[in-house]
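# Examination of the molecular architecture
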Amino acid sequence: AMMSRQSIEDIERFVIDGNSVPDEGKRTVTGALNTSTKEIIDATQEDRVVFGGNIDIATSDGEAQLRILTLHISGDKQIHLRQFNELKDIIIKQKKKGIETLVVGDFNSSFDQVAQNFTQEGFIVPQTGPTTKGAEPKPIDFYMQQADVDGPLGMPTVKVVPMVGSDHNMIYAESWAK
């Protein structure tokens, strides 16, 4: 979720396609024939959404705008890479608007995949601990920000905080205005 004490402006919504109806039907039948609940659930991967909004922050030079994107993409192996690449295109286009960008969300990806794809695009991707709960916790939720020396934000401090009522723990990030 996107939280800020400031009012959020210039909200945009980007849709990343899920499974097509024919593919969904075929995969659901395959899952039923294999008596695999996981295959049936994976067959119905819906469209995913990236939300973006701008906030104003106070800096030592006055005020600056900050773009915040929040997301959740599929973990289903058959559509994850397509959604990840679409997401990457959206983030790069947002960054090119000239406003420092923060991104946070459930990438359903490994740290290596996120870091390799976004550090080369000028983002800082701090490593976190596991964010999922259960028998095999994994880090699949990430925070990243542009690595802009002239930008309004300093280096982030990021940690994972236990959260009640969710299958994920929360990422807490602090990045102070310069």
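For the structure itself, look to the data block above.
Residues numbered from 1 in each chain as written. Predicted model: local features only at pLDDT ≥ 70, side-chain atom pairs only at ≥ 80, totals over all residues. Heavy atoms only, no water.

## Quick look at the side chain of Asn117
Here is the rule: The helix and strand labels rest on DSSP assignments: H or I over at least four residues marks a helix, E over at least two residues marks a strand, and numbering proceeds from the N terminus. Pairs of N or O atoms within 3.5 Å make up the polar contacts considered here, provided that, within protein, one atom can donate a hydrogen while the other can accept it, and that residues adjacent in sequence are counted only when both atoms are side-chain atoms.
With respect to the secondary-structure elements, Asn117 resides in helix H4 (residues 111-119). Side chain to side chain, Asn117 and Lys88 meet in a polar contact 3.1 Å long.

## Here's the deal with unusual backbone geometry
To keep it simple, the criterion reads: Under the scheme applied here, a residue whose accessible area is under 20% of the maximum for its type counts as buried, over 50% as exposed, and between as partly exposed, the area being computed with a 1.4 Å probe on protein chains only.
Non-glycine residue Asn108 carries a positive phi angle of around 50°. Summarising the element assignment, Asn108 is placed in the loop between strand E4 (100-106) and H4. The exposure class assigned to Asn108 is partly exposed, which follows from its relative accessible area of 23%.

## Quick word on the packing of helix H3 (residues 77-95) against H4
Rules: Fitting a line to C-alpha atoms yields each axis, with helices limited to the stretch in contact; the angle taken between N-to-C directions then spans 0 to 180 degrees. For any pair of crossing helices, the crossing counts as left-handed if the nearer helix is rotated counterclockwise from the farther one by less than a right angle, and right-handed if it is rotated clockwise. Two residues qualify as a contact provided that any one of their heavy atoms is within 4.5 Å of a heavy atom in the partner residue. Three categories are distinguished: nonpolar for Ala, Val, Leu, Ile, Met, Phe, Trp, Tyr, Cys and Pro, charged for Asp, Glu, Lys and Arg, and polar for the others, with Gly belonging to the last.
Look at H3 against H4: their axes get within 11 Å of each other, and the N-to-C directions meet at 35°. In this structure, H3 crosses over H4, and the sense of that crossing is right-handed. Together, His80, Leu81, Phe84, Lys88 and Ile91 of H3 and Gln113, Val114, Asn117 and Phe118 of H4 make up the contact between the two elements. Across the contact of H3 with H4, the residue classes tally to five nonpolar, three polar and one charged.

## Comments concerning the pattern of salt bridges
Opposite charge on two side chains allows them to pair when their charged atoms are near. As a reminder of what qualifies: Salt bridges are defined by distance alone: a side-chain nitrogen of Lys or Arg within 4 Å of a carboxyl oxygen of Asp or Glu.
The tally for this structure, following the rule as stated, stands at one salt bridge. Between Arg82 and Glu86 there is a salt bridge, and its shortest N-O distance comes to 3.6 Å. Here Arg82 and its partner Glu86 are both found in helix H3, four residues apart, which amounts to about one turn of the helix.

## Focus: the environment of Val161
With respect to the helices, strands and loops of the structure, Val161 is situated in strand E7 (residues 157-161). Look at Val161 and you get partly exposed, because its relative accessible area is 24%. Taking C-alpha positions, Val161 is 8.4 Å from Thr131, a pair spaced 30 residues apart along the chain. Apart from the residues within four sequence positions on either side, Val161 is in contact with Asn169, Met170 and Tyr172.

## So, the nonpolar core
Applicable threshold: Here, nonpolar core means buried Ala, Val, Leu, Ile, Met, Phe, Trp, Tyr and Cys residues that are tied together by side-chain atoms lying within 4.5 Å of each other.
Core analysis: the largest hydrophobic core is formed by 20 residues, its most contacted members being Phe107, Phe118 and Met144. Counting only elements with at least two residues in this core, the list comes to strand E1 (9-16), strand E3 (62-72), H3, H4 and strand E6 (141-146). For Phe107, the contacting residues outside a window of four places in its chain are Leu71, Ile73, His80, Phe84, Leu87, Val114, Phe118, Ile140, Phe142 and Met144. If you look at the next biggest cluster of nonpolar residues, it comprises ten residues, including Ala64, Leu66, Tyr143 and Leu153.

## Remarks on the packing of aromatic side chains
Keep this limit in mind: Note on aromatic pairs: the rings of Phe, Tyr and Trp (six-membered ring only in Trp) are paired at centre separations within 6.5 Å, and the planes decide the class, stacked below 30 degrees, edge-to-face beyond 60, tilted for the rest.
Scanning all chains against the criterion turns up five aromatic pairs. Relative to Phe118, the ring of Phe107 lies with its centre 6.3 Å away and its plane at 70°, an arrangement referred to as edge-to-face. With Phe107 in the loop between E4 and H4 and Phe118 in helix H4, this pair connects stretches of sequence that are eleven residues apart. In this structure Phe107 comes out as buried when scored by relative accessible area, which is 0%. We classify Phe118 as buried; its relative accessible area is 0%. Both rings, one in Phe118 and one in Phe123, keep their centres 6.0 Å apart while their planes meet at 90°; by these two values the pair is edge-to-face. For the residue pair Phe118 and Phe123, the accessibility class agrees, reading buried in each case.

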